[in-house]
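Overview (structure and organization)
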Number of protein chains: 2
Amino acid sequence: MFGFLRRPKVRIDIPRLRPREDTVYPKVNLAELTPEVLPYLGQAAYVQLAIFEEVSDAIAAAPSVATKQALAPAASQALDKHERLVAEIRRRVDDPAAVIEPFTIGIDRYRAVVKGADWYEQLASVYLTAGILDDFFKLLAAGLPGDIAPRCITILDAETGRRALIDVLSDAIAADPVLGSRLALWGRRVVGDTLLVARSAIHLTGNPESDEQRIEPVFTEMIAAHTRRMDQLGLTA
Amino acid sequence: MFGFLRRPKVRIDIPRLRPREDTVYPKVNLAELTPEVLPYLGQAAYVQLAIFEEVSDAIAAAPSVATKQALAPAASQALDKHERLVAEIRRRVDDPAAVIEPFTIGIDRYRAVVKGADWYEQLASVYLTAGILDDFFKLLAAGLPGDIAPRCITILDAETGRRALIDVLSDAIAADPVLGSRLALWGRRVVGDTLLVARSAIHLTGNPESDEQRIEPVFTEMIAAHTRRMDQLGLTA
């Protein structure tokens, strides 16, 4: 009931929402849609590894040492989260890689789609998609049984180290309106792909109507948080 | 008197030495050849960043999630060392990047030369060249003034996380004699390039004879340590 390979044939319309002040999700939760513990952990762990790899790639291609250094915490924080999620898997099974492996093809395909054509698009993708996916896996965690739920939320809520991505991007956007309008389009594009990935990770109950009633407000909140991130970059969502 | 751009026109002969048990350098030290503190720290910091980037690149191209996970500590340890060395620079000046930047072109050129033609050559390069450069910068540190010397040695002596590189490489070499003979040649090749980089980082006194007398035993020990690393991989140095 999950798996990034099986893309639902759904067109996701992205409403334009005004930014709010805080990222709070009081009204919605995905508890009934949460997959089993191991698939949850496997996907969440691979997403963090993917964030690490994308940031590392951006570090390698960064235009200066100062930028490399500024981006480094985002890489190390994602790797730390990956390792802590792997430790949770290892508490349950001997071979964490076997739990993660089924999700790699779908996530890698998604990564190729949202990679971007240049360094700025890549950086914007990392910042925006990692933000959406962090939010999503935190929301999903609420449905995990026992103390694994708060532990996962603690892991995913830790410092992202992505402040530097905002600084680099918003400086570049402020200096170049053409880049700004290109990245605004790009930001609108990656949110759709990312929500499809999120959707494929949800455990559907089999009742389409009640599933949609649960999913829709959650996605609306996730898009609102995305809009706030776009605003931080100086982009119109 | 240092700088990777100015490659000395020296042919370095690599003697074949038998492995010893431990990496100890009792007889030799580079104290008089150590550059000033800031250039030392700038080069050492960028070398660790380069190791991080090379390992990250190998993680992104790794054939399985299990291998990615096994390699992750080598990336995070190198990044941690980079950040600790940058913190040492920041204790002295406001802009660490400006201290590091002059060394990037030379080191990046060297990295391109020792990158390797495939994933195994890349992995062997990281393991072998990082080992030589760690040894070298530890030896150089002895000539730094005050408590900066022991602090740098502590940073560079910390866990490398590279055990997994040995495991991945020695398994592959044991399974494929053709790969083994290719990597043996490759390992001999990268040591020469790496010693030239090390040589360019040395502060020469201007007396070629006494400089050579100091450098030669140090390089002999570094090559002996390299030979032990080749042995660990199952390769003849």
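Residues numbered from 1 in each chain as written. Chains lettered and ligands numbered in written order. Predicted model: local features only at pLDDT ≥ 70, side-chain atom pairs only at ≥ 80, totals over all residues.

1. Observations concerning the overall build of chain A
If you tally the helices and strands in chain A, you get nine helices and zero strands. When the helices and strands of chain A are read in sequence order from the N terminus, they spell out α-α-α-α-α-α-α-α-α. Counting over 237 residues, chain A shows a buried share of 43%. Considering only intrachain contacts with a sequence separation of at least 6, the fraction spanning at least 24 residues in chain A is 82%. (Helix = DSSP H or I, 4+ residues; strand = E, 2+ residues; numbered from the N terminus. Buried ≥ 20, exposed ≤ 12 C-beta atoms within 10 Å, placed from the backbone. Contact = placed C-beta atoms within 7 Å.)

2. Considerations on helix H8 (residues 177–200) of chain A
The α-helix winds at 3.6 residues per turn, so residues separated by three or four positions along the chain end up facing the same way. All names here are of chain A. Across its 24 residues, H8 extends 35 Å between first and last C-alpha, which sits within 8% of the 34 Å expected from 1.5 Å per residue. All of the buried residues along H8 are Leu-183, Trp-186, Gly-187, Val-190, Val-191, Thr-194, Leu-195, Val-197, Ala-198 and Ser-200. Looking at the buried side of H8, the elements it contacts are helix H4 (104–114), helix H5 (119–141), helix H7 (163–175) and helix H9 (208–233). (Expected span 1.5 Å × (residues − 1).)

3. Description of the nonpolar core
The nonpolar side chains of a soluble globular protein tend to be buried with one another. Within the largest apolar cluster, 140 residues are counted, with the highest numbers of intra-cluster contacts made by Ala-45, Val-55 and Ala-75 of chain A together with Ala-45, Val-55 and Ala-75 of chain B. For Val-55 of chain A, the contacting residues outside a window of four places in its chain are Leu-71, Ala-74, Ala-75, Ala-78 and Val-126 of chain A. (Core = buried A, V, L, I, M, F, W, Y, C linked by C-beta atoms within 7 Å.)

4. Some remarks on the interface of chain A and chain B
Between chain A and chain B, the contact holds 22 residues from the first and 22 residues from the second. If you list the elements that add at least two residues to the side of chain A that touches chain B, you get helix H1 (37–60), helix H2 (65–90) and helix H3 (96–100) of chain A. Ranked by residue count, the leading element in the side of chain A that touches chain B is H2 of chain A, at 10 residues. Considering only residue class, the side of chain A that touches chain B consists of 12 nonpolar, five polar and five charged. (Nonpolar A, V, L, I, M, F, W, Y, C, P; charged D, E, K, R; others polar.)

5. Notes on the relation of the copies chain A and chain B
Superposing chain A onto chain B requires a rotation of 180° together with a translation of 0.0 Å along the rotation axis, leaving an RMSD of 0.0 Å. Here the symmetry operator amounts to a two-fold rotation axis. Both copies share a contact surface, since 100% of the interface residues of chain A are interface residues in chain B too. (Least-squares fit on C-alpha atoms with pLDDT ≥ 70 in both.)

6. Quick look at the packing of H5 of chain A against H9 of chain A
All names here are of chain A. Remark: H5 packs on H9, axes separated minimally by 10 Å, with the N-to-C direction vectors making an angle of 145°. For the crossing formed where H5 meets H9, the hand is right-handed. Between H5 and H9, the contacting residues are Tyr-127, Leu-128, Gly-131, Ile-132, Asp-135, Phe-136 and Leu-139 on the first element and Val-218, Met-222, Ala-225, His-226 and Arg-229 on the second. Across the contact of H5 with H9, the residue classes break down as eight nonpolar, two polar and two charged. (Axes fitted to C-alpha atoms, helices over the stretch in contact; angles between N-to-C directions. Left-handed = near helix turned anticlockwise from the far one by under 90°.)

7. Here's the deal with the packing of H5 of chain A against H8 of chain A
All names here are of chain A. The interhelical angle for the contact between H5 and H8, taken along N-to-C directions, is 35°, at an axis separation of 9 Å. Considering the relative orientation of H5 and H8, their crossing is right-handed. Residues Tyr-120, Glu-121, Ala-124, Ser-125, Leu-128, Thr-129, Ile-132, Leu-133 and Phe-136 of H5 touch H8, and the partners they reach there are Leu-179, Leu-183, Trp-186, Gly-187, Val-190, Val-191, Thr-194 and Ala-198. When the residues that make up the contact of H5 with H8 are grouped by side-chain class, the tally is 12 nonpolar, four polar and one charged.

8. Side note on H9 of chain A
Residues and elements named next belong to chain A. Here H9 is 26 residues long and its end C-alpha atoms lie 36 Å apart, about the 38 Å a rise of 1.5 Å per residue gives. Residues of H9 that are buried include every one of Val-218, Phe-219, Glu-221, Met-222, Ile-223, Ala-225, His-226, Thr-227, Arg-229, Met-230 and Leu-233, and no others. On its buried face, H9 sits against H5, H7 and H8. Gly-234 sits one or two residues past H9 and shows a positive phi near 85°.

9. Looking at the environment of Pro-63 of chain B
All names here are of chain B. As for its placement among the helices and strands, Pro-63 is situated in the loop between helix H1 (37–60) and helix H2 (65–90). Residue classification places Pro-63 among the exposed residues on the basis of 9 C-beta atoms within 10 Å. For the pair Pro-63 and Trp-119, spaced 56 residues apart in sequence, the C-alpha separation works out to 9.4 Å.

10. Details of the environment of Ala-75 of chain A
By the secondary structure assignment, Ala-75 of chain A is in helix H2. We classify Ala-75 of chain A as buried; it has 27 C-beta atoms within 10 Å. For the pair Ala-75 of chain A and Gln-48 of chain A, spaced 27 residues apart in the sequence, the C-alpha separation amounts to 9.5 Å. Aside from chain neighbours lying at most four places away, what touches Ala-75 of chain A is Phe-52, Val-55, Ser-56 and Ile-59 of chain A together with Leu-79 of chain B.

11. Comments concerning the confidence of the model for chain A
All names here are of chain A. Per-residue confidence for chain A gives a mean pLDDT of 87; residues scoring 70 or more make up 88%. In this model residues 1–22 is a low-confidence stretch, pLDDT under 50, and it forms 44 contacts with partners more than four residues away in sequence or in other chains. Here the prediction assigns the complex a pTM of 0.82, and the interface score ipTM is 0.76. (pLDDT = per-residue confidence, 0-100.)

12. Quick look at the environment of Ala-172 of chain B
Residues and elements named next belong to chain B. Tracing the sequence through the fold places Ala-172 in helix H7 (residues 163–175). Look at Ala-172 and you get partly exposed, because 18 C-beta atoms sit within 10 Å. Residue contacts for Ala-172: discarding those within four places in its chain leaves Tyr-120 and Leu-179.

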